[in-house]
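Structural characterization, general
Residues per chain are reported as follows:
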Amino acid sequence: MNEPSDGLSIIVVGASGNLARKKVLPALFALYCQGYLPERFHVFGFARSKLSRPEFRSRIMEHLTCRYTPSHSCTQRMEEFLDRCHYMSGSYGSRDSLLDLLTMMREVEGGRRTNRFYYLAIPPTIFLDVARAIGDAGLVSCSADQPWSRVVLEKPFGRDRKSSDELTRALSQVFVEEQTYRIDHYLGKEVIQNLMVLRFANLVFEPIWNREFIRSVQIVWKEDIGVEGRGGYFDRYGIIRDVMQNHLVQILALVAMEPPGLLDAENIAAEKVKVLRSVPPLELEDLVVGQYSESVVGGRRFPAYVQEETVPDDSITPTFAAARLRINNPRWDGVPFLIKAGKGLDARMTEIRIQFREVPGNMFCRSGGCPEANELVIRVQPDEAIYLSIVNKVPGMGMALRSSNLDLRYKVAFGEQIPDAYESLLLDVIRGDRSLFIRSDELQAAWDIFTPVLHEIERRKLVPEPYEFGSGGPASAGKIDIVTMWG
Ligand SMILES: NC(=O)c1ccc[n+]([C@@H]2O[C@H](COP(=O)([O-])OP(=O)(O)OC[C@H]3O[C@@H](n4cnc5c(N)ncnc54)[C@H](OP(=O)(O)O)[C@@H]3O)[C@@H](O)[C@H]2O)c1
C-alpha cells in the first residue's frame, strides 16, 4: 500500500540505453508534470557507462517533451525533474556495486519511508545477474509493513516455454510474482485498454461477439522500417518471438476472452489464461514466414535483412510471419484468428479487423453478388480509431448499395493528449495495479502456442520466403488470408 507520505525511488538499470532515455525517463517526466509522482521521488540511473551526473542529465533532457506543461514553465519543470535524477556506474552482477547504489539512495532518501521500483532496461541475458545482485545487496523488501519493492521487466521473457519457465523460477527467488511487473507496452496503448470497454460496456457488441456472427478476426502489425541497428538482438529472436508471442497474443486474448468476474488484475488474467489455453499449438501448415530482401523505393535503396549491420549473411531469421490460430471453445469454434506481423513492409500500422458474416437470406443479393459483410476495424496505431463498415443505400434514384464507415477517430472524438503507453503502465506500477501486466501463467500459455512450431522451424532450418522491402509481404501469405476455408 502507498502511504500518502511515502517517498518513491525509481531505479533504472541500464539507464544509458535507448529504452531508458527514449521511453522510461520521458514517461516519468510526463507523470511528474501531471502531478502523479509523490512529493518525495527520486530517479537513480545505474549502468556500466561512466557518466557524470551532468552528462546523465543532459542525455535525459534530449528526449523530454513539454506535452503536459505550458512552454513558459516547461524549462523550470525540466530542471526540477532533472534535479531529482542521480546516476551511478557499476557492474550489473556485482553486489558491491549495488551496495554503493544503496548508500547513495539512502543518503538521498534521508532515512524516510520510501517505496522502490527497479526498471530493468537491460538485455535479457543479464536480467538474472542483476536481479540476484539486487537481492544479495538487500535492496528488496517483502514484508507487508515495509515500503514496497517492485521490479519491471521488458520482453523477451525467454526464447521458449522452457527458458521462460527457468527465468520465472530464478527471478522468483528475488521478487515474488506479486512484485513482478512484466511489461508489454501494447497493453498500455489507449485503444488496447479500450478493448474490454468496447466489448463489455456496449450492448451492441457482446451479443454478436461469437462464432455465429463473426467470420474471422485479423490482428495485423506492420512496420515500414527494418531492424535499424538492432539486428544483433532481433536475429536471436525473430518476428514470432519479438511480436507475435507477446503483443499479438495479448491482443488476441483481450479480443477473445470471456468477461471477467471482477475488473481486477487476477480476474482479468484468469480469463486471458483460460482463452489462451483453448488455443492449440500453432502448426507449420498454418504459418508462412518471410524475410525482407533488398529493394529500391522512391529512388532510395533499402538493404536486405541479411545486409543489415550485425545480421549474419546467412541468417534465416524470419522478419515476417502470418499465422492462423483457432480457439477451441464454444464461443469461437471454427473462427480463424489470423495474426500477421512484419518488418520492412509497406506501412506502419497495427489494427484489429473483426469481419462479420453475411446477412442470411439477404434480400439485397442480386445477380452481381451480395452487399459486403460488416467489418469492425480497431486501429491501434497510428491515428487511433474505430471504424464500423455498414451497407447503405447510395443517395439518389434507384437502389445502389455501398459500404461506408461509421468513423470514430480518437483525435476528433476526444481531442485530448493521448498518453504514451509507458506513462500509463508506469503509473500502474506505482499504484500496484497489475491488470495490464503479464502474469506468469499467461506467459506460459502464450509460449505453449508457439514453442513447438519455433522448435520445428529451427530443426528443419526453414528458409523464409523473400519479400521486397516496402512490399505487402511474401506472396504465400495470401494462403493464410483465405478465411473461407473454415468460414
Ligand atoms: N528500445 C525499445 O524500444 C524496446 C522495446 C521493447 C523491449 N525492449 C527491451 O528492453 C531492454 C532494453 O532495451 P534497450 O533498447 O535500452 O537496450 P540497449 O540500449 O541495447 O541496452 C541497455 C543498456 O544495457 C547495457 N548493455 C547492453 N548490452 C549489454 C551486454 N551485452 N551486457 C551488459 N550490458 C549491456 C548498456 O549499458 P552500459 O554499457 O552502460 O552498461 C545499454 O545502454 C531490452 O531487453 C530490450 O529487448 C526495448
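Residues numbered from 1 in each chain as written. Predicted model: local features only at pLDDT ≥ 70, side-chain atom pairs only at ≥ 80, totals over all residues.

The next thing to look at is the domain arrangement of the chain. Assigned domains within the chain: domain 1 (7-154) and domain 2 (188-485). With 13 residues of domain 1 at the interface, the matching set in domain 2 holds eight residues. When contributions to the side of domain 1 that touches domain 2 are tallied by element, the ones reaching two or more residues are α1 (18-33) and β5 (149-154). Split into classes, the residues belonging to the side of domain 1 that touches domain 2 amount to 10 nonpolar, no polar and three charged. (Domains from an automatic or database assignment. Contact = placed C-beta atoms within 7 Å. Helix = DSSP H or I, 4+ residues; strand = E, 2+ residues; numbered from the N terminus. Nonpolar A, V, L, I, M, F, W, Y, C, P; charged D, E, K, R; others polar.)

Another aspect to go through is the site of the ligand. Not every one of the 19 residues close to the ligand is listed here, only the nearest: G17, L19, A47, R48 and S49. Among the elements that take part in the shell around the ligand, α1 stands out by supplying four residues, more than any other. (Near = placed C-beta within 6 Å.)

Core analysis: the largest hydrophobic core is formed by 130 residues, its most contacted members being V12, L120, M244 and A321. Ranked by the residues each element gives to this core, the list is headed by helix α9 (residues 231-256), at 13 residues. Domain assignment of the residues forming this core places at least three in each of domain 1 (7-154) and domain 2 (188-485). (Core = buried A, V, L, I, M, F, W, Y, C linked by C-beta atoms within 7 Å. Buried ≥ 20, exposed ≤ 12 C-beta atoms within 10 Å, placed from the backbone.)

On to the pairing of strand β4 (residues 114-120). For β4, the tally of buried residues reaches six of seven residues, placing the bulk of the element in the interior. Inspection of the sheet shows strand β1 (residues 7-13) paired to β4 by seven bridges, in the parallel sense. Note on β4: the bridge partner recorded for G7 is T114. (Pairing = 2+ DSSP bridges.)

Let us now look at the sheet that holds β5. Reading across the sheet, the six strands line up as β3-β2-β1-β4-β5-β6 and stay open at both edges, with parallel pairing between neighbours. The sheet is open, and its two edges are formed by β3 (85-89) and β6 (180-183), each paired on a single side. Direction aside, neighbouring strands of the sheet carry axes that sit 20 degrees apart on average. As judged from the four bridges shared by β5 and β6, these two strands associate in the parallel manner. Note that in β6 the partner of E154 across the bridge is I183. Packed on one face of the sheet, helix α2 (residues 53-61) meets β2 (41-47) and β3 and runs near 120 degrees to β3. (Axes fitted to C-alpha atoms, helices over the stretch in contact; angles between N-to-C directions.)

Trans is the prevailing form of peptide bonds, just as negative phi is the prevailing case for residues other than glycine. Omega for the peptide link from K155 to P156 comes to 5 degrees, which places this bond in the cis form. Structurally, P156 can be placed in the loop between β5 and α6 (161-171). Look at the link from Q381 to P382: it is a cis peptide, with omega at -10 degrees. Mapped onto the fold, P382 is located in the loop between β14 (375-381) and β15 (385-393). Even without glycine at this site, D383 takes up a positive phi of about 50 degrees. For D383, the location among the structural elements is in the loop between β14 and β15. With phi around 50 degrees, K461 is a residue other than glycine that occupies positive phi space. A tally of 7 C-beta atoms within 10 Å means that K461 is categorised as exposed.

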